[in-house]
Amino acid sequence: MSRNANDAAEDPSADEILRFAGVSMRYGRGPDVLSDISLSLPRGSFHFITGPSGAGKSSLLKLIYLAAKPSAGTVRLFGEDVARMAPGDLPRARRRIGVVFQDLLLLDHLSAFDNAALPLRIAGHKPSEYRGDVAELLTWVGLGGRMNALPPTLAGGEKQRLAIARAVVNRPEILLADEPTGNVDHEMALRIYRLFVELNRLGTTVIIATHDQDLVARSSRPVLHLDRGQLKPLPPQGPQNGGAGRV
Amino acid sequence: MSEPFDPARWRPAAFLPERDVRDPALIFAIAVLCFLACLTALGVIAGDRAAHGWSGQLKGEATVIVRARGGETPDAAAARAAETLAGVPGVSEARALEKEKAYDLIRPWLGDVTDLEDLPVPRLVAVSLDRKRPATATVLQEALKAQGVDAVVDDHQIWIKDIRRAAGVVRLSGASIFLLIALAAAAVVAFATRAGLAARRDVVQVLHLAGAEDNQIANLFELRFARVAAISGALGAIAAALTGALLRLIGGGAGITPALPIAWLDLLAVLPCPLLAAIVAVVAARLTARRLIQDL
Ligand SMILES: Nc1ncnc2c1ncn2[C@@H]1O[C@H](COP(=O)(O)OP(=O)(O)O)[C@@H](O)[C@H]1O
Ligand SMILES: [Mg+2]
């Protein structure tokens, strides 16, 4: 699992869930914010995407959750070329991906419970089928007592965990998290990280974009390092924790 | 937020906020436009009926001006003319008007002349025509000529033409005004729908990214704005119907009703208003929602 993700791009035999081949991306007529990215992620893997602010981490995730299109290259998701998916297939593909957005995107007029249940409703499940699961999930992320609360009344860490609950409630095959520990203290960051580890153990492919070097250093997960839109080898780290701080 | 929450009793909340602070203003604006549109529609219907009524009345009547000839007195000439006319097919009644009526008609031109008896004032014969097969002016003229009566027949054709033209103008301008107001109402509904959607961009975005079909999202807004538009349309229609009913009630007899005869049944013309408003809202919501989703 600690192999370099760039090497994996040359290994087509893996049960890959995601493959980028020579992918570039730009906003409108602007400059490329991602250039010539190639990578391959096996199903069930756990990756960090790191890099300074503005490096293109969020943009890379957008390509994966189908909110943006590459300007060059191909993105293969679930073994399918995204550019060749029929318009009607895109919503179905999105339902197989859970996203914790950088700005969370919780709906302020809906209760925590309704926010968390949203993906299930969109997928057309019956309330009677998922009511219990949603309650259980919210309890699991520590929001058991806040199920009826509106997001504006939640604390930062609670909002973050609610966004995570919504992202995983439909048992996605891929979980993307954009700076999921951005607004929470160290303690909460670790709790959230353990949540992702738990989900990964249950089979979800996890990709976390973060500039929290401490978190990355404490884990032994492979890292995709972005620098000005390009995948670069990870720069040498400061004094390593020697595994003692691993989580 | 200390109230206990029981997931077992949870019911999914509407994705869109049930109420929007803009709703009252929006409902008011659409309702007013629907009211005006309905009122114009009622006006067009009533104007049309009035025009029909006037020309119908004129069509059913003719006036014959009789001049005495030879030694005959004007009254005798008029009586003979009336008798002759009554026998013509297509005439249901012919009646010589009393001489006072004739005097009344010419008095404005002559001033208050005390002794009109000396003047050779022509007499009038009022002819009621059979409405189904009215006799033409020519037929009446021929019949009188055959009996040697010197008379001029006026079957009001000139007036009827004028009224027809006036009715056409009323109908056309009414229809144009109605169309304009209806279009304005539609534009407001469409505009409000777009504004509402733009204000709910967050919902559109979240639903879209969570894998909602474009149709699912568009439907939410369609339903929402169809409801608002239908409520507004109903309010406007009810207000217009009440106004119409009021005009009908106070306009009885010599009031406005002779000019704009509103029938109770006309009030039903406002019925399609809520439906039409809702349809416009649905179309506008669909188009706008699709554009917004594509722009995400
Ligand atoms: N919506 C956007 N429109 C135009 N430029 C954008 C947009 N989002 C991000 N960018 C630009 O793309 C580059 C990469 O941004 P982003 O992917 O958000 O980086 P990161 O998440 O690593 O901070 C930045 O230069 C940023 O200014
Ligand atoms: Mg970012």
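Engineer: So what about the overall build of chain A? Which residues, and what values?
Structural biologist: What chain A contains, in helices and strands, is eight helices and 10 strands. Taking all 247 residues of chain A together, the buried fraction comes to 53%. Within chain A, counting contacts between residues at least 6 apart in sequence, those at least 24 apart form 72% of the total. Roughly 11,000 Å² of accessible area belongs to chain A as shown, and the carbon and sulfur atoms make up 48% of that amount.

Engineer: How would you sum up the site of ligand 1? Please name residues and give values.
Structural biologist: All names here are of chain A. If you check the shell around ligand 1, you find Y27, V33, P52, S53, G54, A55, G56, K57, S58 and S59 and nothing else. A distance of 2.8 Å separates an oxygen atom of ligand 1 from a polar side-chain atom of S58. Between ligand 1 and the protein, one listed contact pairs an oxygen atom with a side-chain N or O atom of S59 at 2.5 Å. Protein chains shield 57% of the accessible area of ligand 1, which is 550 Å² for the free molecule. Broken down by element, the shell around ligand 1 gets its largest block of residues, three residues, from helix 2 (residues 57–64). Of the residues assigned to the shell around ligand 1, the class counts are four nonpolar, five polar and one charged.

Engineer: Can you break down the nonpolar core residue by residue, with the values?
Structural biologist: Formed by 77 residues in total, the largest nonpolar core has its most connected members in L18, F20, I37, L77, L118, L176 and I207 of chain A. Element by element, the count of residues in this core is highest for helix 7 (residues 214–250) of chain B, at 10 residues. Of all hydrophobic cores here, the second largest spans 45 residues; its members include L154, M188, I192 and V216 of chain A.

Engineer: Account for the interface of chain B and chain A, naming residues and giving values.
Structural biologist: Counting residues at the interface gives 26 residues for chain B, matched by 26 residues for chain A. Carbon and sulfur atoms make up 66% of the area that chain B and chain A hide from each other, which totals about 2,500 Å². For the pair chain B and chain A, the number of links is one salt bridge. Of the charged contacts in the structure, one is a salt bridge between E213 of chain B and R95 of chain A, with a shortest N-O distance of 3.7 Å. Counting the contacts that link chain B with chain A gives nine residue pairs in polar contact (both at pLDDT 80 or more). Examining the composition of the side of chain B that touches chain A, we find that seven residues originate from one element, helix 6 (residues 201–209) of chain B, more than from any other. For the side of chain B that touches chain A, the class distribution of residues is 17 nonpolar, four polar and five charged.

Engineer: An account of the sheet that holds strand 3 (residues 123–129) of chain B is needed here, citing residue identities and associated values.
Structural biologist: Strands belonging to one sheet form pairs held by backbone hydrogen bonds; the direction of such a pair is parallel or antiparallel. Residue and element names in this part refer to chain B. The antiparallel open sheet is built from four strands, whose spatial order is 2-3-1-4. On the outer flanks of this sheet lie strand 2 (91–96) and strand 4 (150–154), each paired with one strand and no other. On average, each strand axis in the sheet is tilted by 20 degrees relative to the strand beside it, whichever way the strands run. Contacts from helix 4 (residues 137–146) reach strand 1 (61–67), strand 2, strand 3 and strand 4, with the element oriented near 170 degrees to strand 4.

Engineer: I'd like to hear about the pattern of salt bridges, residue by residue, with values.
Structural biologist: All names here are of chain A. Within the structure shown, the criterion is met by 20 salt bridges over all chains. Where R43 meets D15, a salt bridge forms, and the shortest distance between an N and an O atom there is 3.8 Å. On the criterion of sequence distance, the pair formed by R43 in the loop between strand 2 (32–42) and strand 3 (46–50) and D15 in the loop between helix 1 (5–8) and strand 1 (16–26) is long-range, its members being 28 residues apart. Among the residues examined, D15 registers a relative accessible area of 51% and is labelled exposed.

Engineer: Summarise the sheet that holds strand 4 (residues 72–77) of chain A; cite the residues concerned and give the values.
Structural biologist: Residue and element names in this part refer to chain A. On the basis of which strands lie adjacent, the open sheet formed by four strands has the order 2-1-4-5 and antiparallel pairing. The open sheet is flanked by strand 2 and strand 5 (80–81), the only strands paired with a single partner. Direction of pairing for strand 4 relative to strand 5: antiparallel, over a ladder of two bridges. Looking at strand 5, one finds that L77 is bridged to E80. Here helix 2 sits on the sheet in contact with strand 1, strand 2 and strand 4, set at roughly 125 degrees to strand 1.

Engineer: If you had to explain helix 4 (residues 112–122) of chain A to someone new, which residues and values would you point to?
Structural biologist: Within helix 4 of chain A, 11 of the 11 residues are buried, leaving the element largely enclosed by the surrounding structure. Against helix 5 (127–140) and helix 6 (156–168) of chain A together with helix 6 and helix 7 of chain B lie the buried residues of helix 4 of chain A. Residue G124 of chain A follows helix 4 of chain A closely and has a positive phi angle near 90 degrees.

Engineer: How would you summarise a nonpolar patch on the surface if you had to cite specific residues and measurements?
Structural biologist: Judged by side-chain polarity, L275, L276, I279, V283 and L287 of chain B come together as a nonpolar surface patch covering roughly 480 Å² of accessible area. Using a relative accessible area of 51% as the deciding quantity, one classes L276 of chain B as exposed.

Engineer: Explain the packing of helix 5 (residues 157–199) of chain B against helix 8 (residues 272–295) of chain B to me, and be specific about the residues and the numbers.
Structural biologist: Residues and elements named next belong to chain B. With their axes 8 Å apart at the nearest point, helix 5 and helix 8 run at an angle of 40 degrees to one another. When the axes of helix 5 and helix 8 are compared, the pair comes out oblique. When you trace helix 5 past helix 8, the crossing you get is right-handed. Across the interface between the two elements, A186, V189, A190, T193, R194, L197 and A198 of helix 5 pack against A277, V280, A281, A284, A285, T288, A289, R291 and L292 of helix 8. Of the residues that constitute the contact of helix 5 with helix 8, the class distribution is 12 nonpolar, two polar and two charged.

Engineer: For the coordination of the magnesium ion (ligand 2), give the residues involved together with the corresponding values.
Structural biologist: Within the first shell, the magnesium ion (ligand 2) binds the protein through S58 of chain A (OG) and Q102 of chain A (OE1), at distances of 2.0 to 2.5 Å. Note that S58 of chain A is positioned in helix 2 and Q102 of chain A in the loop between strand 6 (97–100) and helix 4, a separation of 44 residues in sequence.

Engineer: Now, about the environment of L107 of chain A: what can you tell me, with residues and values included?
Structural biologist: One can find L107 of chain A in the loop between strand 6 and helix 4. The sequence separation of L107 of chain A and S24 of chain A amounts to 83 residues, and the corresponding C-alpha distance is 32 Å.

Definitions and cut-offs
Residues numbered from 1 in each chain as written. Chains lettered and ligands numbered in written order. Predicted model: local features only at pLDDT ≥ 70, side-chain atom pairs only at ≥ 80, totals over all residues. Heavy atoms only, no water. Helix = DSSP H or I, 4+ residues; strand = E, 2+ residues; numbered from the N terminus. Buried < 20%, exposed > 50% of the residue type's maximum accessible area, 1.4 Å probe, protein only. Contact = heavy atoms within 4.5 Å. Areas by Shrake-Rupley, 256 points an atom, 1.4 Å probe, with all protein chains shown as cover. Near = heavy atom within 4 Å. Polar contact = N/O pair within 3.5 Å; in protein donor to acceptor, adjacent residues only side chain to side chain. Nonpolar A, V, L, I, M, F, W, Y, C, P; charged D, E, K, R; others polar. Core = buried A, V, L, I, M, F, W, Y, C linked by side-chain atoms within 4.5 Å. Buried area = accessible area lost by both parts, 1.4 Å probe. Salt bridge = Lys/Arg side-chain N within 4 Å of Asp/Glu carboxyl O. Pairing = 2+ DSSP bridges. Axes fitted to C-alpha atoms, helices over the stretch in contact; angles between N-to-C directions. Patch = residues over 30% accessible without salt bridge, like charges linked within 9 Å, V, L, I, M, F, W, Y side chains within 5 Å. Parallel < 35°, antiparallel > 145°, perpendicular 65-115°, else oblique. Left-handed = near helix turned anticlockwise from the far one by under 90°. Donors = N, O, S within 2.8 Å, 3.2 Å for Na, K, Ca; no water.

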